[in-house]
Amino acid sequence: MSRRLITDAKNTWCPGCGNFSIQHTLKDVLAGMEEEGRSLDNVVLVTGIGCHGKMADYLNINSFYAIHGRTIPVATGIKIANPDLSVICCAGDGDAYAEGLTHMIFAAKRNIDITLIVHDNRVYGLTTGQYTPTSPLNFHGRSTPAGSLEKPFNPLELALVSGSTFIARAYTRKLDHLRSTLREAIDHRGFSFVDVLQICATYYNMTESYNARVYELEDHDPADFNAACAKMREWDYSSDAAIALGTFYRTSAPTFDEEFSKGRQGDEERKGAIAALLDQRV
Amino acid sequence: MNDYSILIGGKAGEGINKAGSVIARILSHLGYFQYMYYDYPSLIRGGHNFAIVRASTRRIGTHRNAIDFLLALDQNTVDTHRWRCDAETVVLFNANKVEAEGMGIPIEDIVDEEGGSSVMVNTGLIGAFGRAAGIPWDTMEAVLTLEIPKKIETNLRIARRGYDTVEEQNPIPPQEKTTHPILTGNEAIGLGLLEAGLEAYVAYPMTPSSSLLHFLAGSAGDFGIKVIHPENEIAVMLMAQGCAYAGARTAVGTSGGGFCLMSEGLSMAGMTEVPVVIVMGQRGGPSTGIPTYTAQGDLHFILNAGQGEFPRFVISPGNAEQAYEWSARALNLSWKYQAPSFILVDKTLAEGTYSFDREIPEPVGREGEPRWEGGSPYHRYADTESGVSPLATVPLGGEVIKVNSYHHDEHGTTIEDPVLVAWLNEKHMRKEEAMLDQIETLSPVVTAGKRSAETALLCWGSNIGVCTEVAEEAGLRVIQPLVLSPFPVQAFNAALEDVTTLVAVEDNLTGQLTRLVEGLGCCVDDAILRYDGRPFSLEELREHVEEVIA
Ligand SMILES: Cc1ncc(C[n+]2csc(CCOP(=O)(O)OP(=O)(O)O)c2C)c(N)n1
Ligand code: SF4
Ligand SMILES: [Mg+2]
């Protein structure tokens, strides 16, 4: 029997919020995995704090509703402790790129086999509309009423130079593409990173602008680092340039979680190992 | 009673800590209990490092000022420590560098002639010490071979030349006693955690806890554990929570500055009820403070860290056996009650070296925790009388496990309803009652010295060593609460029975344990406080105690 994937928790996202698209797409991806015989018991969702985080309450799968900015270290710990689990992070852009940026860079650097989905609405939703690291220059947020003074950074480039082995971008109004991208990210062995341009209906509704500018990558070789870098640089998260969607970069490399010892030492074996160590110290 | 004290000093980079360990092990092989205090500034080359190794026929946990042997690799050592010497002190020094009265050995010449390298100078000095102390060459050779795996032939030749250069001066007679293993406090903590089933250790380097990270990383293969050194202490704490969620018994280690970064994760652990053990090695603060020197300045920080109200265990062992036994307990307790457990130590214990008597710690082992026994649906935060909800680990056959840092219902779903909010807060704090009940059964307050005395020294952490020795001489009682949260009031009051004068001994300026027990209505008559980064020596504490109780 397949499980009901949406919980009874009351949904409190604003009407028109892009989080619904991510939720239902993820649900479809999970249902697909289950149909293929993969047990969802082995999937753990880790979320940050922000509108995106509510995914933990809304999806009926194992979840760790963590704290702001800290999805990645929790997910890393889970994966190291049990490498058989599929660990997915749903993080916010404020969450992953501001409060917890170090963790993202290090997760990419160590190529831990987890999936990071950033709900990139380019605004702090839950704290009612401040600028984030991916808001455009001169963003009129509530903490920057005269316009933000900082240029955004490009999270894809950051992931690339940090060593991420899977880097993609998707958009909450391109559902088929979002679905295939999320599935590909989850299936990838190593650190997979998907920046999802998510519509915030209330504080940063970019629907028209994105609809006019997005296109899907074609004839792009994701194994080509330089081509990936060039494609990522087409749009700097501030300009009106065209916005490519798709898998920019994909490569394979040993994963961090493979490197650790597996299984638990039994009590007797442990006692023996302690006694042996004490003997050496006589 | 036989009691000897040996000081070896030189510059950082000259292997003083290692030399001290070799001497400690030699004395241990002669059948003595040993204790070593290692004093070093926060630098890598130069400066002045010294180790005081003490050997005694009874269990000891402190150094003394007076020394019987001074082993000087440089002039600074002789000049700095002359005040510790008397006419009887045997002074052995590197004659190529040092001018002093006593016995100069041209060790650098010897090392050159034997084709050794400059770090082997201390081997020559140890050799000279061996003869001056009348130690059989067999013992010297056996210990050097155990301690120095590299270039042992050359080292032995150099040691022998040192040995042959001097004459016996103050013989340390062998004892017909068991040779105990030698452990630092940190190693005892690590082994205790392992005994209770540690599966993962996560830490970012910081004195005085780094050596625990090094020890566990170095033994990870032997114990089949996972040791991780991540990007910062924020990640450390959160990774530990992830490991524990996925079923691995996990501990973290740090000092005050690193723990500041962990406090957001600590509060999360209070809310998620995902267990964690935190080894907190205190050094002098505030801020970076004096990185390599001791303090007991973080008790109230640890008791109160983290926003919101949630229970925690704070356990403060004071010697290697306590560190072993109570670290095992700390891990079991954290899993049993799903609350954070602190092992709060000071640099003196963490980096001090002790003879570890295996017969003393109670065998604790890996105790189980209340596990879910089936019945759908699984509720991670199921309501129970004790407040402790049965634990389960992913993957869980069709059931989901939801943990949450927000206020939540039994299932783990976020709530804001006032009735449920109050319910959850009460559930957390209800656990503390169960935790305290259990603690009271575990002899959480140690008494030592003359147990019937009406004057008592009150101490915590490593001061149990020096307090016990002073109290035994002066006929005083010693009271050491091993558990500081939840505070074992019953056991503490029992330990205080018939005490008319209570004198606190602490390594801080404001009397942190004093304030804690005074808050519980206990009256502390006097406090002997030290806050210069150095532990009390036997003579220093003796003098202070005499003044106070005169
Ligand atoms: C340590 C900490 N700082 C600040 C906050 C307050 N806070 C809650 S959500 C949030 C920002 C959310 O923005 P984002 O991560 O982009 O998520 P979104 O709401 O847009 O999905 C902040 C700053 C917090 N919960 N924790
Ligand atoms: S504020 Fe924006 S991101 Fe948050 S729920 Fe509303 S629309 Fe969605
Ligand atoms: Mg956002």
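The preceding data block contains the structure.
First, a word on scope: everything that follows refers to the structure included in this document. Just so it is clear, the model here is predicted, and its values are computed rather than measured.

1. Focus on the site of ligand 2
Logical step 1: Around ligand 2, the neighbouring residues are W13, C14, C17, N19, C51, N121, Q198, C200, A201, T202 and Y203 of chain A.
Logical step 2: Partitioned by chemical class, the residues of the shell around ligand 2 number seven nonpolar, four polar and no charged.

2. Focus on the coordination of the magnesium ion (ligand 3)
Between any two of four tetrahedral donors, the ideal angle at the metal is 109.5 degrees; between two of six octahedral donors, it is 90 or 180 degrees.
All names here are of chain A.
Logical step 1: Taken together, D93 (OD), N121 (OD1) and V123 (O) make up the full set of protein donors to the magnesium ion (ligand 3), lying 2.0 to 2.2 Å away.
Logical step 2: In the primary sequence, the donor residues of the magnesium ion (ligand 3) line up as D-x27-N-x1-V. Of this pair, D93 sits in helix α4 (residues 93-99) while V123 sits in the loop between β4 (115-120) and α6 (155-162), and the two are 30 residues apart along the sequence.

3. Some words on the packing of helix α4 (residues 121-132) of chain B against helix α6 (residues 152-165) of chain B
All names here are of chain B.
Logical step 1: At a minimum axis distance of 6 Å, the contact between α4 and α6 shows a crossing angle of 45°. Of the possible angle classes, the one that applies to α4 and α6 is oblique. Between α4 and α6 lies a crossing of right-handed hand. Between α4 and α6, the residues in contact are T123, G124, G127, A128, G130 and R131 and N155, I158, A159, R160, G162, Y163 and D164, respectively.

4. Remarks on the interface of chain A and chain B
Logical step 1: Taken together, the contact pairs 50 residues of chain A with 62 residues of chain B.
Logical step 2: Three residues, R270, R281 and V282 of chain A, lead the burial of chain A against chain B; their summed loss comes to 15% of the area buried on that side.
Logical step 3: Residue R358 of chain B pairs with D279 of chain A through a salt bridge whose shortest N-O separation is 2.6 Å.
Logical step 4: At the junction of chain A and chain B, the tally comes to 27 residue pairs in polar contact (both at pLDDT 80 or more).
Logical step 5: Examining the composition of the side of chain A that touches chain B, we find that nine residues originate from one element, helix α10 (residues 267-280) of chain A, more than from any other.
Logical step 6: Here the residues of the side of chain A that touches chain B are counted per class, giving 26 nonpolar, 14 polar and ten charged.
Logical step 7: Pairing between strand β2 (residues 62-65) of chain A and strand β16 (residues 402-404) of chain B: three bridges, direction parallel. Each residue of the ladder has a partner; that of Y65 of chain A, found in β16 of chain B, is N404 of chain B.

What counts as what
- Residues numbered from 1 in each chain as written.
- Chains lettered and ligands numbered in written order.
- Predicted model: local features only at pLDDT ≥ 70, side-chain atom pairs only at ≥ 80, totals over all residues.
- Heavy atoms only, no water.
- Near = heavy atom within 4 Å.
- Nonpolar A, V, L, I, M, F, W, Y, C, P; charged D, E, K, R; others polar.
- Donors = N, O, S within 2.8 Å, 3.2 Å for Na, K, Ca; no water.
- Helix = DSSP H or I, 4+ residues; strand = E, 2+ residues; numbered from the N terminus.
- Axes fitted to C-alpha atoms, helices over the stretch in contact; angles between N-to-C directions.
- Parallel < 35°, antiparallel > 145°, perpendicular 65-115°, else oblique.
- Left-handed = near helix turned anticlockwise from the far one by under 90°.
- Contact = heavy atoms within 4.5 Å.
- Buried area = accessible area lost by both parts, 1.4 Å probe.
- Salt bridge = Lys/Arg side-chain N within 4 Å of Asp/Glu carboxyl O.
- Polar contact = N/O pair within 3.5 Å; in protein donor to acceptor, adjacent residues only side chain to side chain.
- Pairing = 2+ DSSP bridges.

Note that all results are geometric; they support no functional claim without further evidence.
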